[in-house]
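Coordinate analysis (summary)
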Amino acid sequence: MKKLSLAALLALPLFVGCSGGFPMPADGLLFSSVRAPGWYPGVTNEVGGAKTGHSEAVGFVGLIAVGDASVEKAAEENGIKKIHSISHKWTKILGGLYWKFETDITGE
């Protein structure tokens, strides 16, 4: 019984890791490239904006992930103080052998 409990405890991060973060609207096993709207406090959802911002993060083989795909990074690097719209794009190849998460914003 102790071995079963220990095995379940050790396996828990495998299942919990898949339940958090951004919900991907659609997912394909071999290839996914999906864009969806984002949400952030204070976003006006107005169409357009004088400035655009972009940030991204990438991962390889499910072992390495680098980058900053945050809204703050996209706004900071492009001098955006008031965000009008946010969208996210997920790209995944071969079940996560390579993946990219992108954030695009518009604002002023």
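Read on for an overview of the structure. Everything numeric in this text was worked out from a predicted model, so none of it was measured.

Once that is clear, we can look at the overall build of the protein. Per the secondary structure count, the protein includes 2 helices and 5 strands. Put simply, the protein has 108 residues, and 28% of those count as buried. Here the analysis covers contacts within the protein between residues at least 6 apart in sequence; of these, 69% occur between residues at least 24 apart. As presented, the protein carries roughly 7,400 Å² of accessible surface, and 66% of it is formed by carbon and sulfur atoms.

Attention now moves to the side chain of T103. Along the chain, the position of T103 falls in strand β5 (residues 98-107). Reaching out from T103, the side chain makes a polar contact with the side chain of H88 at a distance of 3.2 Å. Leave out the neighbours within four places in its chain, and T103 touches G53, H54, S55, A69, V71, A74, I86, S87 and H88.

Turning next to the pattern of salt bridges. The full count for this structure, using the stated rule, is 2 salt bridges. The residue R35 makes a salt bridge to D104 at a minimum N-O spacing of 3.1 Å. In this pair, R35 sits in strand β1 (residues 31-37) while D104 sits in strand β5, placing the two residues 69 residues apart along the sequence. Here K73 ties to E77 by a salt bridge, and the two come within 2.8 Å at their closest N and O atoms.

The rules behind these values
- Residues numbered from 1 in each chain as written.
- Predicted model: local features only at pLDDT ≥ 70, side-chain atom pairs only at ≥ 80, totals over all residues.
- Heavy atoms only, no water.
- Helix = DSSP H or I, 4+ residues; strand = E, 2+ residues; numbered from the N terminus.
- Buried < 20%, exposed > 50% of the residue type's maximum accessible area, 1.4 Å probe, protein only.
- Contact = heavy atoms within 4.5 Å.
- Areas by Shrake-Rupley, 256 points an atom, 1.4 Å probe, with all protein chains shown as cover.
- Polar contact = N/O pair within 3.5 Å; in protein donor to acceptor, adjacent residues only side chain to side chain.
- Salt bridge = Lys/Arg side-chain N within 4 Å of Asp/Glu carboxyl O.

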